[in-house]
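# Fold and contact review
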Amino acid sequence: MGRSKNKKTQKFVKRKFAAVKKIIHPKDMRIKSNQEKAAKQAQAKEEKKVRKFTKVPTAMFFQYNTQLGPPYRVIIDTNFVNFAIRNKIDLTKGMMDCLYAKCIPCVTDCVIAELEKMGSQYRVALRLLRDPSVERLPCMHKGTYADNCIVERIERHKCYIVATCDRDLKRRIRKVPGVPIMYISQHRFSIERMPDDFGAPKQG
């Protein structure tokens with residue numbers, strides 16, 4: 001008897017569940033009206049977003065920087081001075097030999113502060129940069145990290161060439177259009193991204 005009752009209840013349960021129909025939730029994304037609402041909401045969000053466009057400097061003529069011209073103003077990085085001393089290259093003479101024109105070496109307060117922190121080993125570099133022939137560029141920001149200062153300066157003013165041997169800084173400068181990079185190669189100064197019209201030596 002017990003077995004027959006169990007069979008009857010199983011049949012009853014099966015029938016009961018078979019009778020229930022699946023209902024889609026009204027907020028289900030498979031419904032076309034919900035899909036349309038979601039698309040409209042996404043479009044409204046995109047329209048509300050503030051889009052920033054980088055302003056192209058007036059000095060830029062396509063990829064050429066019209067503000068560059070002799071006398072060239074060259075911002076010197078910390079490691080560039082140290083490599084120049086190791087290779088026994090005079091800063092002003094090496095720059096003039098590279099660009100075939102008058103050059104004004106410039107140094108920011110950050111670079112001087114970095115060299116002062118490095119200790120007495122870099123006193124020769126400090127003496128070179130404190131020379132009256134090197135133009136001092138004052139910094140108005142907090143901290144003494146020179147890379148950020150140099151990148152911000154060349155983004156605002158396109159009249160500089162940056163002298164550096166730092167790979168990370170070079171990568172950041174290459175993203176700024178119209179700013180040439182001076183570096184040391186084969187015991188002499190070389191230039192990168194300099195138009196031929198401005199007297200840069202052709203590499204070959």
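What this report covers is the structure whose coordinates are included nearby. (Residues numbered from 1 in each chain as written. Predicted model: local features only at pLDDT ≥ 70, side-chain atom pairs only at ≥ 80, totals over all residues. Heavy atoms only, no water.)

### What to know about the overall build of the protein
Applied cut-off: Going along the chain from the N terminus, every DSSP run of H or I of four or more residues is numbered as a helix, and every run of E of two or more is numbered as a strand. Each residue's exposure class comes from its accessible area (1.4 Å probe, protein chains only) as a fraction of the maximum for that residue type: buried when under 20%, exposed when over 50%, partly exposed otherwise. Residue contacts are counted whenever heavy atoms from the two residues lie within 4.5 Å of one another. Only the protein chains shown count as cover for residues, and the accessible areas themselves come from Shrake-Rupley with a 1.4 Å probe.
In terms of regular secondary structure, the protein is built from eight helices and eight strands. Looking at the 204 residues of the protein, the share that counts as buried comes to 34%. Here the analysis covers contacts within the protein between residues at least 6 apart in sequence; of these, 60% occur between residues at least 24 apart. For the protein, the exposed surface amounts to about 15,000 Å²; the carbon and sulfur share of it is 54%.

### Things to note about helix α7 (residues 146-156)
Among all positions in α7, only Ala-146, Asp-147, Cys-149, Ile-150, Val-151, Arg-153 and Ile-154 are buried. Taken together, the buried residues of α7 touch β3 (72-76), β4 (103-108), α5 (109-118), β5 (135-137), β6 (160-163) and α8 (167-174).

### Quick look at the sheet that holds strand β7 (residues 181-185)
The strands making up a sheet associate through hydrogen bonds between their backbones, and the pairing can be parallel or antiparallel. As a reminder, the rule being used: Pairing between two strands requires that DSSP report at least two bridges joining them. Fitting a line to C-alpha atoms yields each axis, with helices limited to the stretch in contact; the angle taken between N-to-C directions then spans 0 to 180 degrees.
In space, the six strands of this open sheet follow the order β5-β4-β3-β6-β7-β8, with mixed pairing throughout. Every interior strand has two partners, whereas the edge strands, β5 and β8 (188-192), have only one. The average angle at which neighbouring strand axes cross in this sheet is 35 degrees, direction not considered. For β6 and β7, the ladder comprises two bridges, and the chain directions are parallel. Bridge assignment links Val-162 to a residue of β7, and that residue is Ile-181. Running over the sheet, α8 touches β6, β7 and β8 and is turned about 145 degrees from β7.

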